[in-house]
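# Geometric and topological summary
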Amino acid sequence: MNRFVGGNWKMNGSGFEGIAWMQSVKEGAGGLSGVDLALFPPFTLLPVLAEDAREAGVMLGAQDVYFEARGAFTGEISVSMLLEAGCEWVIVGHSERRHVIGESDGTVRRKLSAALAGGLSVVLCVGERLEERDSGIEEDTVRTQLASALGGLDPIDPGRLVIAYEPVWAIGTGRNATPAQAVRMHDFIRSTLRGLVGDGDAPGCRVIYGGSVNPGNAGDLLREPSIEGALVGGASLDAASFLSIAGASRDG
Ligand code: PGA
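Bear in mind that the values here come from a model prediction, so they are computed numbers and not experimental data. (Residues numbered from 1 in each chain as written. Predicted model: local features only at pLDDT ≥ 70, side-chain atom pairs only at ≥ 80, totals over all residues. Heavy atoms only, no water.)

## Considerations on the layout of surface pockets
Estimates place the volume of the largest pocket at around 420 Å³. Lys 10, Met 11, Gln 63, Glu 96 and Arg 97 are the residues nearest the centre of the largest pocket, which is lined by 14 residues in total. With four residues, helix H4 (residues 95-101) is the single largest residue contributor to the lining of the largest pocket. Looking at the lining of the largest pocket residue by residue, the classes come out as seven nonpolar, three polar and four charged. (1 Å grid on protein atoms, 1.4 Å probe; cavity = no way out; pocket = protein on both sides within 12 Å on 5 of 7 lines; lining within 4 Å. Points joined across faces, edges and corners; volume = space filled by probe spheres on them. Helix = DSSP H or I, 4+ residues; strand = E, 2+ residues; numbered from the N terminus. Nonpolar A, V, L, I, M, F, W, Y, C, P; charged D, E, K, R; others polar.)

In structure tokens:
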């Protein structure tokens, strides 16, 4: 399966910036093969960028979704609204949703189930906080997050689920996990997935890394076979940086 490199713009970016970014990626991505590119801009940019994204070979995704189909849920957005806006993907369980907004594991599970059932593909984010790593319980944290989100689900098309390991202490801090730390957790995630989903087989979905990935550290991380791509925040705002990271992934 191709590697997966996604840009998570968070609450950044304008329509003008998005259109220019797509143009740059379209011009610069020509030599890239073996890597799926995705952009997760703010909701308002999704319909603005849908056509340009198609032309640039970039899949569009949303940063969040609500689990109900419709109704009195002020401020929320449904799976079908995202599909209509041109989305193929959605991020579920990002650490900023979990720890800044206060989403529970139960909410993450409901969102993931609704997204997959409704036809979106999902990037499920998991990762421990610094105090959890310092206490040596990072694997327990990630196991709980995976089990709560995925335990007992029907078999999932592995192409439609990406697990992003994003240690909270590495997000937006400039302090990335070392390749060895990431590889160890990625291997743990793969072994945990075995048995959680479907009939006991590992679902074979891609496991990618996120947390202060930039053009300077992407090569070291992405040359590891078990790091099958990246979810990139700050460095994705610049198209050249994003392309450089995608290029490092292709070479991996
Ligand atoms: P960062 O964000 O690359 O800015 O650390 C990553 C993410 O939150 O997905």
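## Quick look at the pairing of strand S7 (residues 206-210)
Counting buried positions along S7 yields five of five residues, so the element is predominantly enclosed. A two-sided burial pattern is seen for S7, the buried positions comprising Arg 206, Ile 208 and Gly 210 on one face and Val 207 and Tyr 209 on the other. Here four bridges tie strand S6 (residues 161-165) to S7, and the two strands are oriented parallel to one another. Each residue of the ladder has a partner; that of Tyr 165, found in S7, is Tyr 209. The pairing of S7 with strand S8 (residues 229-232) spans two bridges and is parallel. From the neighbouring strand, Gly 210 faces S8, where its bridge partner is Leu 231. (Buried < 20%, exposed > 50% of the residue type's maximum accessible area, 1.4 Å probe, protein only. Pairing = 2+ DSSP bridges.)

## Examining the site of the ligand
Residues in close proximity to the ligand total 13 residues, the closest being Lys 10, His 94, Glu 166, Gly 172 and Ser 212. Contact distances for the ligand include 2.6 Å between an oxygen atom and a side-chain N or O atom of His 94. At 2.8 Å, a backbone N or O of Gly 233 approaches an oxygen atom of the ligand. For the ligand, the protein covers 95% of the area, taking 280 Å² as the surface of the free molecule. In a pocket analysis with a 2 Å cut-off to the grid points, the ligand is assigned to the second largest pocket. (Near = heavy atom within 4 Å. Polar contact = N/O pair within 3.5 Å; in protein donor to acceptor, adjacent residues only side chain to side chain. Areas by Shrake-Rupley, 256 points an atom, 1.4 Å probe, with all protein chains shown as cover. Sits in = over half its atoms within 2 Å of the grid points.)

## Some words on empty space enclosed by the protein
Scanning all chains against the criterion turns up one cavity of 30 Å³ or more. Its boundaries defined by the atoms lining it, the largest cavity holds a volume of some 40 Å³. Sorting the residues of the lining of the largest cavity by element identifies H4 and strand S5 (121-126) as the ones contributing at least two each. At three residues, the largest contribution of residues to the lining of the largest cavity is made by H4. Across the lining of the largest cavity, the residue classes break down as three nonpolar, six polar and two charged.

## A closer look at the packing of helix H1 (residues 15-28) against helix H2 (residues 46-56)
Running from N to C, H1 and H2 point in directions that differ by 10 degrees, and their axes come no closer than 9 Å. As far as their axial angle goes, H2 and H1 are roughly parallel. On H2, the residues touching Gly 15, Gly 18, Ile 19, Met 22 and Lys 26 of H1 are Val 48, Leu 49, Asp 52, Ala 53, Glu 55 and Ala 56. Here the residues of the contact of H1 with H2 are counted per class, giving six nonpolar, two polar and three charged. (Axes fitted to C-alpha atoms, helices over the stretch in contact; angles between N-to-C directions. Parallel < 35°, antiparallel > 145°, perpendicular 65-115°, else oblique. Contact = heavy atoms within 4.5 Å.)

## Concerning the sheet that holds strand S3 (residues 58-62)
Sheet architecture is closed into a barrel: eight strands sit in the order S1-S2-S3-S4-S5-S6-S7-S8, paired in parallel fashion. Taken pair by pair, the neighbouring strands of this sheet meet at an average axis angle of 30 degrees, ignoring direction. Of the strand pairs in this sheet, strand S1 (residues 3-8) and strand S2 (residues 35-40) are connected by six bridges, and their pairing is parallel. Residue Arg 3 lies in a different strand from S2, and its bridge partner there is Val 35.

## Examining the pattern of salt bridges
A complete count under the given rule lists 16 salt bridges for this structure. Of the charged contacts in the structure, one is a salt bridge between Glu 103 and Arg 97, with a shortest N-O distance of 3.0 Å. Taking relative accessible area as the criterion, Arg 97 reaches 24% and is therefore assigned partly exposed. Residues Asp 220 and Arg 223 are paired through a salt bridge, measuring 2.8 Å at the closest nitrogen-oxygen approach. Its relative accessible area of 42% is what places Asp 220 among the partly exposed residues. Residue classification places Arg 223 among the exposed positions, given a relative accessible area of 54%. (Salt bridge = Lys/Arg side-chain N within 4 Å of Asp/Glu carboxyl O.)

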